[in-house]
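Structural characterization, general
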Amino acid sequence: MSVRRALTAVATAALLALLPSAAQAAESYPDPLPLTGRQIIHDPTVIHLGTGGYVAYSTGGVIGARLSTNLRDWTDAGNAFTTPPSWWYDYNSTADPWAPDLSYRDGRYWLYYAVSSWGTNHSAIGVATSPTGLPGTWTDHGTAFTSDTTDPWNAIDPAITRADGKLWMAFGSYWTGIRMVELDPTTGKAIPGATVAHLATRPDAPYAVEGASILHHGRYYYLFASYDACCAGVNSTYKIRVGRSTTVTGPYTDSTGTPMLEGGGDLLLASHGRYIGPGGESTFLTNGRTWLAYHYYDADDNGTPKLGLNPLNWTKDGWPSLRQGRWGYPRPKAGGGTARPATDHLHSPTIQ
């Protein structure tokens, strides 16, 4: 064998050694749970209600609502609000809110959402509360946090979590990545003058990191975020990446040690088969199992955005995985639900 052929063989072998892992990663993306009924949704946030059922809120309408008794069969439940609060029009001429976040604490359900317009950071995150979490029962409390053209961040895509006895909100989108600010637990609004931390971005324009969700598991906080471009149907390139940190404000790194402030993030879910551009994710817990909720664009249905649900598992090294084990639809507990929400999740339904 010539030296050139030998070198070529070595290079080819090295390339082939890399290809199986990439192919295996692509093949390992699991399909979402099969659903029926009203599946159309965008940027979903899901919670297990104290009455035993589930509600999902999303971008669209006046924060669109879906209901289910078993996570499989979903019905249209109208909107969170019957009419838009008047202040929304200061940030969006059509009063069209985005990317809600739903949680439960201190005896109330809390709904955060963004009001903005494409291409501007003249934006606001609003907050509302409800005794039941059901559509039509929400009382709006105005802005929790805002941004304007002089700010180096964009106040959209809220995600609430509690850590070290404090309440925090991750937020932000696309052009400068993910930020975080501390909230007053009584009002649910940003503490005046609070430091805004930077959690994730990419080194090159257009940066394209948004839609954060934070989950506490074991000794780590896990930051899930949507990378690349959404909202283009089958041409969407959204994908979900994740990093972790021992402190809620970071620094977050991926499994290789690359900081998420330098473009890091383990790839958790990307396009496969008919399921295009998964993103806009959130997590929730039911019956002791954590689930990932997200939207995808259905290539078999003209790119219609639909609800994706997958159980979240964990590797031996403590990293989230969507690899399917033995699982099925959650089984309702004997005797039905109670008036009190479940309390086994740090982010949703209960912030502990």
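Provided above is the structure to which this section pertains.
Please read all numbers here as calculations on a predicted model, not as lab measurements.

**Some remarks on unusual backbone geometry**
The amide bond that connects Ala205 to the next residue, Pro206, takes the cis arrangement and shows omega of 5°. In this structure, the amide linkage connecting Gly250 to the following residue, Pro251, adopts the cis form with an omega of 10°. Turning to its location among the elements, Pro251 is positioned in the loop between strand S16 (239-245) and strand S17 (266-269). With a phi close to 55°, Ala208 is a non-glycine residue in the positive phi region. In this fold, Ala208 is placed in the loop between strand S13 (197-200) and strand S14 (209-217). Not every positive phi belongs to a glycine, and Asn302 is a case in point at roughly 60°.

**Here we look at the pattern of salt bridges**
Evaluation of the coordinates by the stated rule reveals 10 salt bridges. Among the ionic pairs, Asp76 bridges to Arg66, the shortest N-O distance being 3.7 Å. Of this pair, Asp76 sits in strand S5 (residues 73-79) while Arg66 is found in strand S4 (residues 64-68), placing the two residues 10 residues apart along the sequence. Of the residues examined, Asp76 reaches a relative accessible area of 47% and is grouped as partly exposed. Residue Arg66 is classed as buried on the basis of its relative accessible area, which comes to 9%.

**Focus on the sheet that holds strand S20 (residues 304-311)**
Spatially, 3 strands are ordered S18-S19-S20 in an open sheet, and the strand pairing comes out antiparallel. Unpaired on one side and paired on the other, strand S18 (275-286) and S20 mark the two borders of the sheet. Going from strand to strand, the sheet's axes swing by 25° on average, the running direction of each strand aside. Relative to S20, strand S19 (residues 289-298) is paired through 8 bridges, and the arrangement is antiparallel. Directly across from Leu292, in S20, lies its bridge partner Asn310.

Procedures and definitions
- Residues numbered from 1 in each chain as written.
- Predicted model: local features only at pLDDT ≥ 70, side-chain atom pairs only at ≥ 80, totals over all residues.
- Heavy atoms only, no water.
- Helix = DSSP H or I, 4+ residues; strand = E, 2+ residues; numbered from the N terminus.
- Salt bridge = Lys/Arg side-chain N within 4 Å of Asp/Glu carboxyl O.
- Buried < 20%, exposed > 50% of the residue type's maximum accessible area, 1.4 Å probe, protein only.
- Pairing = 2+ DSSP bridges.
- Axes fitted to C-alpha atoms, helices over the stretch in contact; angles between N-to-C directions.

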